[in-house]
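In case you want the letters, here they are:
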Amino acid sequence: SNSATLGAELEDLLLSVKDPEIKRRISTIINALNMASDPRKATVDPDTGKKDPGPQELAEQLIQIVKNKVPFV
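Everything numeric here is computed off the predicted structure, so don't read it as measured data.

Some details on helix H1 (residues 2-16)
Look at H1: 22 Å from first C-alpha to last across 15 residues, which is about the 21 Å you get at 1.5 Å a residue. For H1, every residue scored as buried is listed here: Gly7, Leu10 and Leu14. Across the axial projection of H1, the buried residues extend over an arc of 65°, all falling on one side. Opposite the packed face of H1, turned more than 90 degrees from it, sit the exposed residues Asn2, Asp12 and Leu15. Buried residues along H1 sit against helix H2 (20-36).

Here's the deal with the environment of Leu58
Relative to the helices and strands, Leu58 resides in helix H3 (residues 55-69). Once residues lying within four places of it in the same chain are set aside, the contact partners of Leu58 are Thr28, Ile29, Ala32 and Pro53.

Examining the environment of Ala59
Its location among the elements puts Ala59 in helix H3. Placed 31 residues apart in sequence, Ala59 and Thr28 show a C-alpha to C-alpha distance of 9.4 Å.

Analysis parameters
Residues numbered from 1 in each chain as written. Predicted model: local features only at pLDDT ≥ 70, side-chain atom pairs only at ≥ 80, totals over all residues. Heavy atoms only, no water. Helix = DSSP H or I, 4+ residues; strand = E, 2+ residues; numbered from the N terminus. Expected span 1.5 Å × (residues − 1). Buried < 20%, exposed > 50% of the residue type's maximum accessible area, 1.4 Å probe, protein only. Arc of directions from axis to C-beta. Contact = heavy atoms within 4.5 Å.

The following block contains the structure:
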């Protein structure tokens, strides 16, 4: 499936990334992909009562973080 392929690619990326924050966020995206495959696994933030962000939202957040870390040339 598409999410399995993406998950495998993210796991490969995880091995080559050095930045601990980015590694943690990639791991979170991998977990979110696994959770998204089964709606019964959806998690809710107990403090807010809102659903936790899905893989797409987490990936968008990671993109912004990487953009801010990498200087534009």
